[in-house]
Structures are given as C-alpha cells and as structure tokens.
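Here are the chains, one letter per residue:
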Amino acid sequence: MNNICVIGERELITGFKLIGIGDAFEFKDKNDVLRIFNAKKYKYIFLSQSTERYFNENELNILKSSIDPLVIFVPMPGISEEESVFELAKRILGIDIGD
C-alpha cells in the first residue's frame, strides 16, 4: 500500500515529485479523485484546494471529514480562501487551538 497520493495542477504535482512522491496525478475530473478515494489505496491524499469547486456539498463533506484516507486540501498560490492552521487543526484533530 502506498502512503501518499497528490492530485492537482501540474505546478503542485511537480513540486511533490521533486521531493520524491511518485504517485502524483494532474487533476482532470472529480470522478478520478473519487475513484482514488474510494479505492482506499492511499493513507494520505493531498488534493489541490482549487479542486473543491468541482465537488458537490455532500462529496466535499465526505472528503473533508475522512480520516481513512486522510484528505488534505493544499492551497495554491493566488487562492484567497486558504484554510488557516487553526481551522486545519480543528478539522483534522478535532481540537480548537484558538485564533
């Protein structure tokens, strides 16, 4: 079982490939993401935050609340609505560390 998968823009996946993450895929369609998610092949899925707009509310809730695999939305430069560290800790760890 591979541990990490990255899905997003070419710039994002190139960066992860440069640090040794081989399973990095360019985002083409939300169905590819859902297929990878449901296959449970990876423990961690890093997904470009810009892909959020392609998912309906239910799909997005499932992705954001999942811990097996853990889906982490990675902000891309130029995206204004980035999740703060405080929100990320609360979502992933269930801990309110304040802001």
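The rules behind the values
Residues numbered from 1 in each chain as written. Predicted model: local features only at pLDDT ≥ 70, side-chain atom pairs only at ≥ 80, totals over all residues. Heavy atoms only, no water. UniProt positions renumbered as here; feature names shortened; annotations may be inferred. Helix = DSSP H or I, 4+ residues; strand = E, 2+ residues; numbered from the N terminus. Buried < 20%, exposed > 50% of the residue type's maximum accessible area, 1.4 Å probe, protein only. Contact = heavy atoms within 4.5 Å. Areas by Shrake-Rupley, 256 points an atom, 1.4 Å probe, with all protein chains shown as cover. Pairing = 2+ DSSP bridges. Right-handed = clockwise from strand over helix to strand, strands pointing away. Arc of directions from axis to C-beta. pLDDT = per-residue confidence, 0-100. Salt bridge = Lys/Arg side-chain N within 4 Å of Asp/Glu carboxyl O.

- The name an unreviewed UniProt entry gives the protein is A1AO H+ ATPase subunit F, with Picrophilus torridus as the organism.
- Regarding the protein, the UniProt comment filed under Sequence similarities (unreviewed entry) reads as follows: "Belongs to the V-ATPase F subunit family."

**A look at the overall build of the protein**
- Along the backbone of the protein there are 4 helices and 4 strands.
- Beginning at the N terminus, the succession of helices and strands in the protein can be written as β-α-β-α-β-α-β-α.
- Burial statistics for the protein: of 99 residues in total, 34% are counted as buried.
- In the protein, the proportion of contacts linking residues at least 24 apart, taken out of those at least 6 apart, comes to 56%.
- For the protein, the computed accessible surface area is about 6500 Å², with 53% contributed by carbon and sulfur atoms.

**Some remarks on the pairing of strand β3 (residues 42-48)**
- In the sheet, β3 pairs with strand β4 (residues 70-74) via 5 bridges, with the strands oriented parallel. When the bridges of β4 are listed, S48 appears paired with V74.
- Chirality of the crossover, the property in question, places the unit of β3, helix α3 (residues 57-65) and β4 among those that are right-handed.

**A closer look at helix α1 (residues 10-18)**
- Every buried residue of α1 is accounted for by L12, I13 and F16. Angular distribution of buried residues about the axis of α1 spans 90°; they occupy a single face of the element. Residues of α1 that are exposed and angled more than 90 degrees away from the buried face: R10, E11 and L18.
- Positive phi shows up at G20, right after α1, with a value of about 100°.

**Observations regarding unusual backbone geometry**
- That bond from D68 to P69 is cis: its omega, 5°, falls within 30 degrees of zero.
- Residue K40 is not a glycine yet carries a positive backbone phi of 55°.
- As for its placement among the helices and strands, K40 is situated in the loop between α2 (30-39) and β3.
- Since its relative accessible area comes to 40%, K40 is described here as partly exposed.

**Observations concerning the confidence of the model for the protein**
- The predicted model of the protein has a mean per-residue pLDDT of 84, with 74% of residues at 70 or higher.
- When the elements of the protein are averaged for pLDDT, helix α4 (residues 85-93) gives the smallest value, 60, and α2 the largest, 96.

**Remarks on the pattern of salt bridges**
- Taken as a whole, this structure holds 3 salt bridges when the rule is applied.
- Where R35 meets D32, a salt bridge forms, and the shortest distance between an N and an O atom there is 2.5 Å. Placement of the pair is R35 and D32 together in helix α2, with a separation of 3 residues, close to one helical turn.
- Its relative accessible area of 53% is what places R35 among the exposed residues.

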